[in-house]
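Residue strings, one per chain:
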Amino acid sequence: MNYRITLLPGDGIGPEIMTVAVDVLKVIGSQFNLNFEFQEAPIGGVAIDATGEPLPKETLEKCRNSDAVLLAAIGGYKWDNLPRHQRPETGLLGLRAGLGLFANLRPAKILPQLIDASSLKREIVEGVDIMVVRELTGGVYFGTPKGVFETETGEKRGVNTMAYTESEIDRIAKVGFETAQKRGGKLCSVDKANVLEVSQFWRDRITQMSSEYPDVELSHLYVDNAAMQLVRWPKQFDTIVTGNLFGDILSDAAAMLTGSIGMLPSASLGASGPGVFEPVHGSAPDIAGQDKANPLAQVLSVAMMLRYALEQPAAADKIEQAVLQVLDLGYRTGDIMSEGMKQVGCKEMAEVLLKVLS
Ligand code: IPM
Ligand code: MG
């Protein structure tokens, strides 16, 4: 099989961890008879430096003309004070919107090897396996009006709008229900229906849809309670479906249950066309270029890409197993280090992983 993969290494630790992902794909490709054609493109800060824009047209075109997109991370101090339309984050949002990636899957599964890296007690986090399904191209991130406007009295007023249409809710709810069906059969929809009209609407639509999925047990939580329950007793959750902003916040919290955000991959999928696969963590500019980054979330994003976009589950399994094996051997980057383990940098972690894989 031939696959064209667009690589977006981006900023900070992005290029370091992307190198590892590409090496893993090369090894896996030769073992599973998969031929990868890689094309690289700039996004985020590097794109701003090169072209003045965080998402150059050519980058989006390349992404559209590929079977899948592998993204590392974007952003850094250098670009933090640019006007919004030029910020690295705007490039990422443009990519999501441009490819129609409305569904963001963020698994938070605790690995037995890393329980001691979690800041929560063993009995709280042991066995946690949550999938956050976050709506990604709507809600307050994209709603209009947005901006800073002057009121009649001459005072300035900042505005964003949280809005969801029926079809936007229905399509993400469908992903939520279907994801729950393939997992533990439980779906928790998170909203703020006690205060927000848009949330009550969201809740009503999802409740209506639940009759089509009698095998899924649906529950609802307000987002503040959901945040509390996530750290109180995370094992009550199987699949969570929620809007863009709540999903942004809750997925970071869910990720941290597992000990390090440096371990978690994500998939962003549309109705058709290429998906984007990327680690949940950011560009970590404070450790960039120092060989300290944990490449495993990027590697696990490769596994998600093989599973969800390229339909190569055996190759995905092999990568996930190799990551577990490396952890079993005791290798840890700084972010997941615990007593008695062997601390390594990004490069050494990659070497061990490639050895285990081949
Ligand atoms: C994420 C990030 C992004 C978001 C930022 C970088 C725009 O926090 O992917 O969770 O808010 O969606
Ligand atoms: Mg986030």
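What counts and how
- Residues numbered from 1 in each chain as written.
- Chains lettered and ligands numbered in written order.
- Predicted model: local features only at pLDDT ≥ 70, side-chain atom pairs only at ≥ 80, totals over all residues.
- Heavy atoms only, no water.
- Domains from an automatic or database assignment.
- Contact = heavy atoms within 4.5 Å.
- Buried area = accessible area lost by both parts, 1.4 Å probe.
- Salt bridge = Lys/Arg side-chain N within 4 Å of Asp/Glu carboxyl O.
- Phe/Tyr/Trp six-rings, centres within 6.5 Å; stacked < 30°, edge-to-face > 60°.
- Helix = DSSP H or I, 4+ residues; strand = E, 2+ residues; numbered from the N terminus.
- Buried < 20%, exposed > 50% of the residue type's maximum accessible area, 1.4 Å probe, protein only.
- Lys NZ or Arg CZ within 6 Å of the ring centre and 35° of its normal.
- Near = heavy atom within 4 Å.
- Polar contact = N/O pair within 3.5 Å; in protein donor to acceptor, adjacent residues only side chain to side chain.
- Areas by Shrake-Rupley, 256 points an atom, 1.4 Å probe, with all protein chains shown as cover.
- 1 Å grid on protein atoms, 1.4 Å probe; cavity = no way out; pocket = protein on both sides within 12 Å on 5 of 7 lines; lining within 4 Å.
- Sits in = over half its atoms within 2 Å of the grid points.
- Nonpolar A, V, L, I, M, F, W, Y, C, P; charged D, E, K, R; others polar.
- Core = buried A, V, L, I, M, F, W, Y, C linked by side-chain atoms within 4.5 Å.

## Things to note about the domain arrangement of the chain
Phase 1 of the analysis: The domain architecture assigned to the chain consists of domain 1 (1-100 + 271-358) and domain 2 (110-259).
Phase 2 of the analysis: Measuring from the centre of the C-alpha atoms in domain 1 to the corresponding centre in domain 2 gives 24 Å.
Phase 3 of the analysis: The interface is formed by 11 residues belonging to domain 1 together with 11 residues belonging to domain 2.
Phase 4 of the analysis: Carbon and sulfur atoms make up 71% of the surface buried where domain 1 meets domain 2, a total of about 1,100 Å² over both sides.
Phase 5 of the analysis: At the junction of domain 1 and domain 2, the tally comes to zero salt bridges.

## A few points about the packing of aromatic side chains
Phase 1 of the analysis: Under the definition given, this model contains four aromatic pairs.
Phase 2 of the analysis: When the centroid spacing of 4.4 Å and the interplanar angle of 0 degrees are considered together, the rings of Phe177 and Tyr213 count as stacked. Remark: Tyr213 occurs in the loop between α7 (197-209) and β9 (217-222) and Phe177 occurs in helix α6 (residues 166-182); sequence separation between them is 36 residues.
Phase 3 of the analysis: For Phe177, a relative accessible area of 0% puts it in the buried group.
Phase 4 of the analysis: Counting every residue linked through ring pairs, the aromatic cluster contains Tyr3, Phe36 and Phe38.
Phase 5 of the analysis: Positioned over the ring face of Tyr141 is Arg134, at 5.3 Å from the centre of the ring.

## Focus: the site of ligand 1
Phase 1 of the analysis: In the vicinity of ligand 1, the residues found are Glu89, Leu92, Arg96, Arg106, Arg134, Tyr141 and Asp248.
Phase 2 of the analysis: Arg96 places a polar side-chain atom, nitrogen or oxygen, 2.7 Å from an oxygen atom of ligand 1.
Phase 3 of the analysis: Tyr141 places a side-chain nitrogen or oxygen 2.5 Å from an oxygen atom of ligand 1.
Phase 4 of the analysis: Out of a free accessible area of 320 Å², ligand 1 has 75% covered by protein chains.
Phase 5 of the analysis: With respect to the pocket detection grid, ligand 1 is positioned in the second largest pocket.
Phase 6 of the analysis: With three residues, helix α4 (residues 88-98) is the largest single contributor of residues to the shell around ligand 1.
Phase 7 of the analysis: Of the residues contributing to the shell around ligand 1, the split by class is two nonpolar, no polar and five charged.
Phase 8 of the analysis: For the shell around ligand 1, the domains that each give at least three residues are domain 1 (1-100 + 271-358) and domain 2 (110-259).

## With respect to the nonpolar core
Phase 1 of the analysis: Ranked by internal contacts, the top residues of the largest apolar core, which has 69 residues, are Ile5, Leu70, Met263 and Leu306.
Phase 2 of the analysis: The biggest single contributor to this core is helix α1 (residues 14-32), with nine residues.
Phase 3 of the analysis: Residue assignment places this core across two domains, with domain 1 (1-100 + 271-358) and domain 2 (110-259) each supplying three or more.
Phase 4 of the analysis: Once you skip the residues sitting within four places of it in the chain, Met263 turns out to touch Leu111, Leu114, Asn294, Leu296, Ala297, Leu300, Val323, Leu327 and Ile336.

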